[in-house]
Amino acid sequence: MWGDGKSVSVVFPAYNEAANIERAVRDFRAVPVVDEVLVVDNNSRDGTGDLARVAGARVVLETKQGYGNALQRGLREATGDYIVLAEPDGTFVAKDVVKLLAYADELDMVMGTRTTRELIWDQANMGWFLRVGNWAVAKLLQLLFDGPSLSDCGCTLRLIRREALDKIVDHLTVGGSHFLPEMVVLALLAGLRVVEVPVNYRGRVGESKITGSRLTTLKVGSRMIGLILDYRLKSWGSRWRGDRSQ
Ligand SMILES: Nc1nc2c(ncn2[C@@H]2O[C@H](COP(=O)(O)OP(=O)(O)O)[C@@H](O)[C@H]2O)c(=O)[nH]1
Ligand SMILES: [Mg+2]
């Protein structure tokens, strides 16, 4: 519970995360303000779901494969007043949930940024290529949508208030790895108050499936850029048509 009786859910999208899932569930459950850890098992074949259950998580199976599909399911299934998205791969520090909550009473969506040098651990997968790429896509989004200062388009660790989620959840469409910017675009188009706060980023336990290779990173990055441009052009288009018909 946070503040005056607000419950807190943590959502983990999980695809073959047996190497770290138990520890991640225990670490996040050990944060006193966390009420629920929900693991969305995305067709894992390595026993991730059972291990998560044993560690005390609520587990749901999402059969539609994909990072975005797993996160969308988690957002729909979580019961908390505040919903925190994270990853069960050892990269995030459980107590950073409290950093997000510190802004949650005043803002609708609080996103982590992994760009603060002092908080990027030596083993973290955050070389210059990823850092510059994440920053550039975030800046594009900030500029085109008149957003707040954004510096990281790929940080899963983020919090959204339930009332804010209700405004965007039915509009989420991305099932793949470029899911995160859609959440931000929809939030900004809905007039929600969004902010970024620095969080820790550690080395991963197990194989990185999205940003582990430059090729997949480039693919995801270009899909993110396509999505941002597409939303911008569409919403300018509908505004223009709306203006003309008045
Ligand atoms: N790549 C991928 N990740 C998934 C999928 N479903 C759930 N996930 C989870 O999404 C998170 C992000 O993937 P990860 O390999 O850590 O990519 P990275 O954060 O870029 O290194 C992990 O917690 C995965 O277990 C899926 O279908 N594909
Ligand atoms: Mg990861």
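All figures in this text were calculated on a predicted structure; none of them were measured in a lab.

Student: What's the story with the coordination of the magnesium ion (ligand 2) in this structure? I'm lost.
Tutor: In an ideal octahedron of six donors the angles at the metal are 90 or 180 degrees, and in an ideal tetrahedron of four donors they are 109.5 degrees. Coordination of the magnesium ion (ligand 2) by the protein involves Glu87 (OE) and Asp89 (OD), with metal-donor separations of 1.9 to 2.1 Å. The pair Glu87 / Asp89 is uniform in exposure class, with both members buried.

Student: How do you make sense of the layout of surface pockets when you look at a structure like this?
Tutor: Rolling a probe over the atoms, with the probe sized like a water molecule, indicates the empty space that remains. Empty space within the largest pocket amounts to approximately 860 Å³. Lining the largest pocket are 45 residues; nearest its centre among them are Ser177, Lys209, Ile210, Thr211 and Val220. Elements that contribute at least two residues to the lining of the largest pocket include exactly strand 1 (8–14), helix 3 (67–77), helix 5 (128–144) and helix 8 (214–244). Taken together, the residues that form the lining of the largest pocket break down as 21 nonpolar, 17 polar and seven charged.

Student: Would you mind going over the nonpolar core with me for this structure?
Tutor: What tends to happen in soluble globular proteins is that the nonpolar side chains get buried as a cluster. In this structure, Leu75, Met109, Leu141, Ile160, Phe179 and Met183 are the most contacted members of the largest nonpolar core, which totals 41 residues. Listed by contribution, the elements that provide at least two residues to this core are strand 2 (36–41), helix 3, strand 4 (82–85), strand 5 (109–113), helix 5, helix 6 (162–168), helix 7 (179–189) and helix 8. Of the residues forming this core, the biggest block, eight residues, is contributed by helix 7. Leave out the neighbours within four places in its chain, and Ile160 touches Leu75, Asp81, Tyr82, Ile83, Asp108, Met109, Leu165, Ile168 and Met183.

Student: What is the right way to look at the pattern of salt bridges in this model?
Tutor: Two side chains carrying opposite charge are able to pair once their charged atoms lie near each other. As enumerated under the stated definition, the model contains 15 salt bridges in all. Of the charged contacts, one joins Arg58 and Glu77 as a salt bridge, the two residues approaching to 3.7 Å between their closest N and O atoms. In this pair, Arg58 is assigned in strand 3 (residues 58–61) and Glu77 in helix 3, connecting sequence segments 19 residues apart. The exposure class assigned to Glu77 is partly exposed, which follows from its relative accessible area of 26%. Between Glu163 and Arg161 there is a salt bridge, with its nearest N and O atoms 3.1 Å apart.

Student: Hey, could you run me through the sheet that holds strand 2 in this one?
Tutor: In a beta sheet, neighbouring strands are held together by backbone hydrogen bonds and run either parallel or antiparallel to one another. Strands sit in the order 3-2-1-4-6-5-7 across an open sheet of seven strands; the sheet is mixed. Each edge of the open sheet is held by one strand with a lone partner, namely strand 3 and strand 7 (194–198). Strand-to-strand, the axes of this sheet are offset by a mean angle of 20 degrees, without reference to chain direction. As judged from the four bridges shared by strand 1 and strand 4, these two strands associate in the parallel manner. Bridge pairing links Val10 to Val84 in strand 4.

Student: When you look at the environment of Asp46 in this model, what are you seeing that I'm missing?
Tutor: Take Asp46: it is sitting in the loop between strand 2 and helix 2 (48–54). Under the relative-accessibility criterion, Asp46 is labelled partly exposed at 32%. Between the C-alpha atoms of Asp46 and Val195, which are 149 residues apart in sequence, the distance is 36 Å. In contact with Asp46, other than residues within four places in its own chain, are Asn16, Glu17 and Ala18. Only 3.4 Å separates the side chain of Asp46 from the backbone nitrogen of Glu17, close enough to count as a polar contact. Here Ala18 takes part through its backbone nitrogen, which lies 3.0 Å from a polar atom of the side chain of Asp46.

Student: Looking at this structure, I do not really get the site of ligand 1. What am I missing?
Tutor: If you check the shell around ligand 1, you find 17 residues, and the closest are Glu17, Asn42, Gln65, Ser208 and Lys209. In this structure, Ser208 approaches ligand 1 through a side-chain N or O atom, which is 2.4 Å from an oxygen atom. Within the complex, 93% of the 560 Å² of free accessible area of ligand 1 lies under protein. The site holding ligand 1 turns out to be the largest pocket.

What counts, and where the lines are drawn
Residues numbered from 1 in each chain as written. Chains lettered and ligands numbered in written order. Predicted model: local features only at pLDDT ≥ 70, side-chain atom pairs only at ≥ 80, totals over all residues. Heavy atoms only, no water. Donors = N, O, S within 2.8 Å, 3.2 Å for Na, K, Ca; no water. Buried < 20%, exposed > 50% of the residue type's maximum accessible area, 1.4 Å probe, protein only. 1 Å grid on protein atoms, 1.4 Å probe; cavity = no way out; pocket = protein on both sides within 12 Å on 5 of 7 lines; lining within 4 Å. Points joined across faces, edges and corners; volume = space filled by probe spheres on them. Helix = DSSP H or I, 4+ residues; strand = E, 2+ residues; numbered from the N terminus. Nonpolar A, V, L, I, M, F, W, Y, C, P; charged D, E, K, R; others polar. Core = buried A, V, L, I, M, F, W, Y, C linked by side-chain atoms within 4.5 Å. Contact = heavy atoms within 4.5 Å. Salt bridge = Lys/Arg side-chain N within 4 Å of Asp/Glu carboxyl O. Pairing = 2+ DSSP bridges. Axes fitted to C-alpha atoms, helices over the stretch in contact; angles between N-to-C directions. Polar contact = N/O pair within 3.5 Å; in protein donor to acceptor, adjacent residues only side chain to side chain. Near = heavy atom within 4 Å. Areas by Shrake-Rupley, 256 points an atom, 1.4 Å probe, with all protein chains shown as cover. Sits in = over half its atoms within 2 Å of the grid points.

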